[in-house]
Amino acid sequence: MPASPKILTTLDQARIWRAEARTRGEKVVMVPTMGALHDGHLELVRTARAEGGRVIVSIFVNPTQFGPNEDFDAYPRTLAEDVQKLQGDGCCDAVFAPAPTEMYPFGTNRTWVSVDRLGDHLCGAARPGHFKGVTTVVARLFTILTPDVAVFGLKDAQQFFILKRMSQEMGFATRLVGVPTVREVDGLAMSSRNRYLNPSERAAAPVLYQSLQAAQRSILKNGERDGHQIIAQIEGLLAAEPTCRRDYVSVVDTQEMQPLVSLESGSTVLIALAAYFGPARLIDNVIVDVP
Ligand code: AMP
């Protein structure tokens, strides 16, 4: 029988599990997710394992990070399958899968954690209130579990930079680790939302990463430094794909996440986009060190 993670569903169970690890002098490494696990998530778990100590994966579809017209109700909930994927060699030690009432004891919060400015553009502009929901729920998870390390994917690069800033400014003793995006063989970033795609949308979706790679080549090989030109190049490639409806394309710095008119040599920039294929809103990005 493969080893199974311990399933924790209440705050008390999570706190006791955490306290036991502390008593044994073990480090705690956390991987926050919304479930519907795929190989991208499992790569985060492997990274967490490599940190040493006890690994806990949280699975919670966080209502406050979804807008009123977004896919909160439709979002896949596959806890039994998720737990199966977390079994066996190198699995996690515990799964924290709380009910909404555990995470939002009053139903509606009067306390929020939010980060200024870094959420003004990209997904922060396209999904008002989204990051306030993310930072609030992650702050609560960090408070309950006090992880030594938390592992996140750079597929959600803006989220990663916002959470890192939040954790440092709030004084959480948690070190954040970012894991490069895990992709399908044709380059499409793995996502729980890819299951919404019909076959023709799935066939078209790799254009997202292809357009980002083309922009990256323009910077690295052709010396492109004009932020507007980079955006225009990506938008042109997306527009040529009839099933793709662009949401945004943006080039920002990785500190304050502000749009860049021109790219400075020696800086690191984030090129990020979001686009719809049918009802599925997909995101992707590349982080480029400008030569
Ligand atoms: P989610 O369940 O989609 O909220 O994602 C949970 C964590 O997994 C986040 O830190 C994501 O950035 C990360 N993640 C999702 N997809 C990928 C991927 N394809 N590669 C790496 N990390 C990912």
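For the structure, check the block above.
Only a predicted model underlies this, so the values are computations on that prediction, with no experimental measurement involved.

Trainee: What am I meant to see in the nonpolar core here?
Mentor: Most often, soluble globular proteins have nonpolar side chains that are buried together. Of all hydrophobic cores here, the largest spans 43 residues; its most connected members are I56, F96, M103, V138, L145 and F152. Elements supplying a minimum of two residues to this core: α1 (11-23), β2 (28-33), β4 (94-96), α6 (130-145), β5 (149-153), α7 (157-170), β7 (244-253) and β8 (268-277). Ranked by residues supplied to this core, first place goes to α6 with 9 residues. Dropping the residues within four chain positions of it, F152 is found in contact with P32, L44, V138, F142, Q159, F160, L163, L176, V177, G178 and V179. In terms of nonpolar packing, the next biggest core, distinct from the first, is built from 28 residues, A215, I231, F277 and A280 among them.

Trainee: Help me understand the packing of α1 against α6, please; the structure alone is not making it clear to me.
Mentor: Remark: α1 packs on α6, axes separated minimally by 8 Å, with the N-to-C direction vectors making an angle of 50 degrees. Here α6 runs oblique to α1, going by the angle between their axes. Touching L11, A14, R15, W17 and R18 of α1 are R140, I144 and L145, all from α6. Per-class residue counts for the contact of α1 with α6 are 5 nonpolar, no polar and 3 charged.

Criteria and cut-off values
Residues numbered from 1 in each chain as written. Predicted model: local features only at pLDDT ≥ 70, side-chain atom pairs only at ≥ 80, totals over all residues. Heavy atoms only, no water. Core = buried A, V, L, I, M, F, W, Y, C linked by side-chain atoms within 4.5 Å. Buried < 20%, exposed > 50% of the residue type's maximum accessible area, 1.4 Å probe, protein only. Helix = DSSP H or I, 4+ residues; strand = E, 2+ residues; numbered from the N terminus. Contact = heavy atoms within 4.5 Å. Axes fitted to C-alpha atoms, helices over the stretch in contact; angles between N-to-C directions. Parallel < 35°, antiparallel > 145°, perpendicular 65-115°, else oblique. Nonpolar A, V, L, I, M, F, W, Y, C, P; charged D, E, K, R; others polar.

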